[in-house]
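Chain residues, written in single-letter form:
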Amino acid sequence: MRFAKAAAAAVLFAISAGAAQAQAPVPPRPAKRPHAVEAPAGTRNDDYYWLRDDTRKNPEVLAHLAAENAYADAVLAPVKPLKEALFKEITGRVKPDDASVPYRQRGYWYASRFEAGKDYPVLTRRKDQVGAAEEVLLDQTAMAQGKGFFKVGAWVVSPDNRRLAWTEDTVGRQQFVLKVKDLATGKVTEEGVSNIEPDLLWADDNRTLLYIEKDPVTLLSKRVKAHALGTPAAADRLVYEEPDDAFYINLHRTRSDGFLCIFLWSTTANEERCAPAAAPRDFAVVAPREKDHLYQADHLNGRWVIRTNWRAPNYRLVTQPDNQPLGDKARWTDFVAHDPAVFIEDVRLFDGFTAIEERAGGVKRLRLLKADGTSTVVAADEPAYTMGFGDNAEPDAAALRYTYTSLATPLSTYDLDVATGKRTLLKQTPVIGYDASQYVTERVWAPARDGTKIPVSLVYRKGFKRDGTAALYQHGYGSYGSSSDPEFSPAVVSLLDRGVVYAIAHVRGGQEMGRAWYDQGRLMNKANSFTDFIDVTRHLVAQKYAAPGRAAAMGRSAGGLLMGAVTNMAPEDYRAIVAQVPFVDVVTTMLDETIPLTTNEFDEWGNPKVPAYYRYMLAYSPYDNVRPTAYPAIYVGTSLWDSQVQYYEPAKWVARLRDNTTSGQPIVFRVNMEAGHAGKSGRFGRFSETAEFYAFVLDRLGVE
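Predicted, not measured: the structure shown is a model, and the values here were computed from it.

Cut-off values and rules
Residues numbered from 1 in each chain as written. Predicted model: local features only at pLDDT ≥ 70, side-chain atom pairs only at ≥ 80, totals over all residues. Heavy atoms only, no water. 1 Å grid on protein atoms, 1.4 Å probe; cavity = no way out; pocket = protein on both sides within 12 Å on 5 of 7 lines; lining within 4 Å. Points joined across faces, edges and corners; volume = space filled by probe spheres on them. Helix = DSSP H or I, 4+ residues; strand = E, 2+ residues; numbered from the N terminus. Nonpolar A, V, L, I, M, F, W, Y, C, P; charged D, E, K, R; others polar. Phe/Tyr/Trp six-rings, centres within 6.5 Å; stacked < 30°, edge-to-face > 60°. Lys NZ or Arg CZ within 6 Å of the ring centre and 35° of its normal. Expected span 1.5 Å × (residues − 1). Buried < 20%, exposed > 50% of the residue type's maximum accessible area, 1.4 Å probe, protein only. Contact = heavy atoms within 4.5 Å. Pairing = 2+ DSSP bridges. Axes fitted to C-alpha atoms, helices over the stretch in contact; angles between N-to-C directions. Parallel < 35°, antiparallel > 145°, perpendicular 65-115°, else oblique. Left-handed = near helix turned anticlockwise from the far one by under 90°. Core = buried A, V, L, I, M, F, W, Y, C linked by side-chain atoms within 4.5 Å. Disulfide = S-S within 2.5 Å. Right-handed = clockwise from strand over helix to strand, strands pointing away.

*Asks:* Outline the layout of surface pockets, supporting the account with residue identities and numerical values.
*Replies:* There is about 1,500 Å³ of room inside the second largest pocket. Forming the walls of the second largest pocket are 39 residues, and the residues nearest its centre are Gln105, His252, Arg253, Arg255 and Arg348. For the lining of the second largest pocket, the secondary structure elements donating two or more residues are strand E3 (103-105), strand E7 (151-157), strand E11 (196-202), strand E15 (248-253), strand E19 (295-300), strand E20 (303-308) and strand E23 (343-349). Of the residues belonging to the lining of the second largest pocket, the class tally is 19 nonpolar, eight polar and 12 charged.

*Asks:* For the packing of aromatic side chains, give the residues involved together with the corresponding values.
*Replies:* One pass over the full model with this rule turns up 28 aromatic pairs. Geometrically, the ring pair formed by Phe533 and Tyr574 is tilted, given 6.2 Å between the ring centres and 35° between the ring planes. Here Phe533 is found in helix H7 (residues 527-542), whereas its partner Tyr574 is found in the loop between helix H8 (558-569) and strand E36 (576-580), with 41 residues between them in sequence. On the numbers, 5.3 Å between centres and 55° between planes, the contact of Phe583 with Trp605 is tilted. With Phe583 in the loop between E36 and helix H9 (586-591) and Trp605 in helix H10 (residues 602-605), this pair connects stretches of sequence that are 22 residues apart. Clustering of aromatic rings is evident, with ring pairs tying together Tyr473, Tyr502, Tyr635, Phe693, Tyr694 and Phe696. Stacked on the ring of Phe247, the Lys or Arg Arg289 has its end atom at 4.1 Å from the ring centre. One residue, Arg656, lies across the ring of Tyr623, its end atom 3.8 Å from the ring centre.

*Asks:* Quick one: what's the story with empty space enclosed by the protein, residue by residue and with numbers?
*Replies:* Taken as a whole, this structure holds one cavity of 30 Å³ or more when the rule is applied. Put simply, the largest cavity is a space of about 50 Å³. Going through the elements one at a time, H9 and helix H12 (648-660) are the ones with two or more residues in the lining of the largest cavity.

*Asks:* Go over H12 with me, naming the residues and quoting the values.
*Replies:* In this model H12 runs 19 Å from its N-terminal to its C-terminal C-alpha over 13 residues, within 8% of the 18 Å that 1.5 Å per residue would give. H12 sits mainly inside the fold: 12 of its 13 residues count as buried. Listed as buried for H12 are Tyr648, Glu649, Pro650, Ala651, Lys652, Trp653, Val654, Ala655, Arg656, Leu657, Arg658 and Asn660.

*Asks:* Give a description of the side chain of Thr441 that names residues and reports values.
*Replies:* Residue placement: Thr441 occurs in strand E31 (residues 439-447). Residues in contact with Thr441, not counting those within four places in the same chain, are Glu382, Pro383, Ala384, Ser406, Leu407, Ala408, Leu458 and Val459.

*Asks:* I'd like to hear about the sheet that holds strand E4 (residues 108-113), residue by residue, with values.
*Replies:* With respect to topology, four strands assemble into an open sheet ordered E3-E4-E5-E6, the strand pairing being antiparallel. The open sheet has two free edges, formed respectively by E3 and strand E6 (135-139), since each of these has just one partner strand. The mean inter-strand angle of the sheet, taken between neighbouring strand axes irrespective of direction, is 30°. Strand direction decides the pairing type here: E4 and strand E5 (residues 122-127), joined by six bridges, are antiparallel. Residue Arg113 lies in a different strand from E5, and its bridge partner there is Val122.

*Asks:* Lay out the packing of helix H3 (residues 80-92) against helix H13 (residues 685-701) in plain terms, naming residues and giving numbers.
*Replies:* H13 packs onto H3 with a crossing angle of 130° between their chain directions and a minimal axis gap of 8 Å. Regarding the angle of H3 to H13, the classification is oblique. Of the two possible hands of crossing, H3 and H13 adopt the one that is right-handed. Within the contact between the two elements, H3 uses Leu82, Lys83, Leu86, Phe87, Ile90 and Thr91 and H13 uses Phe687, Ser688, Ala691, Glu692, Tyr694, Ala695 and Leu698. Looking at the contact of H3 with H13, its residues break down into nine nonpolar, two polar and two charged.

*Asks:* Please provide a residue-by-residue account of the nonpolar core, values included.
*Replies:* Counting 71 residues, the largest nonpolar core has Phe533, Leu540 and Trp653 as its most contacted members. Those residues in contact with Trp653, other than ones at most four positions away along the chain, are Gly564, Ala579, Pro582, Val584, Pro622, Tyr623, Val626, Ile634 and Val636. Of all hydrophobic cores here, the second largest spans 44 residues; its members include Tyr694, Val697, Leu698 and Val703.

*Asks:* Run through the state of the cysteines, naming residues and quoting values.
*Replies:* What the rule picks out here adds up to one disulfide. With a sulfur-sulfur separation of 2.2 Å, Cys261 is cross-linked through a disulfide to Cys274. Between Cys261 and Cys274 the disulfide shows an S-S torsion of about 110°. By sign, it is right-handed. Of this pair, Cys261 sits in strand E16 (residues 259-265) while Cys274 sits in strand E17 (residues 270-276); the two residues are 13 residues apart in sequence, bridging distant segments of the chain.

*Asks:* How would you summarise the sheet that holds strand E21 (residues 316-321) if you had to cite specific residues and measurements?
*Replies:* Sheet architecture is open: four strands sit in the order E19-E20-E21-E22, paired in antiparallel fashion. Two strands lie at the open edges of the sheet, namely E19 and strand E22 (333-336), each paired on one side alone. Strand-to-strand twist in this sheet, taken as the mean axis angle between neighbours without regard to direction, amounts to 30°. One ladder, built from three bridges, connects E21 with E22; its direction is antiparallel.

*Asks:* Just give me the short version of the pairing of strand E37 (residues 633-639), but keep the residues and values in it.
*Replies:* Counting buried positions along E37 yields seven of seven residues, so the element is predominantly enclosed. Burial along E37 is two-sided: the residues Ala633, Tyr635, Gly637 and Ser639 and Ile634, Val636 and Thr638 are all buried. Direction of pairing for E37 relative to strand E38 (residues 667-672): parallel, over a ladder of six bridges. Among the inter-strand pairings, Thr638 is bridged to a residue of E38, identified as Val671. Running through H12, the crossover from E37 to the neighbouring parallel element E38 is right-handed.

This is the structure in structure tokens:
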């Protein structure tokens, strides 16, 4: 580590000397060391492969990353006052002592709250009786003290309300440990269970916990185990082991509280196994896995309700009585039929009604299905918005709790009385100094080059003139069928107040327009995601929402892949690019099955050991397609401990970009040395990162 600090100091000296002589900081130049990356379909040379260090301890690699941070400090020094102003604005909009809307479960009201000046929430509960005192379950600020990173993964209270179990990560690598608290005495025990997923389930005996163990190298979820409190972890009972590395594992408890379920899922197939919560040993398969069949099951009031794409690309709901054995789709009966124009995304079962989360026309909305068969779509007041389920812990409730937000409307929590239709606003997240009436959100449709209409969500400050002079900040993702829904951000307001138009391009590869939208943006159709994004930018410029040459683009993770591809394909369309934890070395990563996520994602990107996929992936992989050209200004962020996109992917990409760019525009690489894929932990940590790349972008766009 002393070597790393010395190297960083040397780089700072070189930067200072370079700045004095050439009026510009000098970027780090890592050595080139040829390395053959072999594959059945071809061999490639990678001069920067040596930057990979799985231990995160190599002095030379750490020195290089320190040098990158020193260079970033030097390049960003002129915009530091703007960064500080942005951070003050953004955090100033956040209510310092905010609290969630309480919800009821098993005789207690649960909530979380922030205290002024604290970075982490306090989890609390009160007994459902007059004058009940608040019980502090987890004071996360106190728990995080002295730690560079801290995250509570999942927490769950035992059925008898006496114990709290939770998972905790203090590194950022998504390798959680298990802890249990006796809620009567406050005693916390570390059960010796580590390297697990965040999910936890209590069995009805109140002393057995189900958890998911990870592979220590690939970090894939591999085994479900049962841990009895107070016993050695080595004695934990194996409940289930997944043999196929293409599958992830999750755990859930059914709405009826009667079953514990193991959910196994991949891109093209799911399987669910459930057992009585009173005796979780023999897990029955709801439907055996088969290619292209995706489903999820829940249970309430003597029947199973299954969301399935069997003979229904956009999903339908089917039922099966629980007095019949599971495992045969022939026993399923239609409950909600397939609709080619409506994608069923989720379902919540209640005693007196069913709530459905669905997508139609590119927006996520809610539908109520009453016991008498009548169906009603929950109303919205804006053209582009996002609805979702709130905390609906008890199925006997007479009201649906849901959330509503848009690019202009802060997150709002409602109770909707199903019998009367009355909507009650319980809370809108307070945003200090923000007046929603001063902002306008729009939904526009941009034509892609193949004629497909791409939905775009826009927001800008009222008074904006569509005269072709404004700056544009465009966001995108477009992978895994994960939709980029329009949601309020207190940070984006700082862009809008400076006259910037903010846009989300809902490109193919997401699922905004249904399953077909996803299929048209993965595997051999992946290029659609990239061209859709570029075509949205060009449409917004043509329609005078933005000026030519005043567009910036941002994407995170697989959205960083989008940024990398767009940067290579259309560098002239963007003044600045932000790529956070970007997946940019697609082929090399997907060739290496020791890297977390690789085997799970062959159905997303393709397996490069297959020649056709190798050639297609190689044609768009950002790292492999860097070429001599005038690249825009680029801000790249990563985290040393990221387990989803390893730090060395952007490290290599940045080095190759600098070797090839002819524009003279800066390429900045910020490395968070104490975080994982989601960046800094804590309420305000992420705003510090955002303020930095916002300042970088605004400076390049000529916005003060």
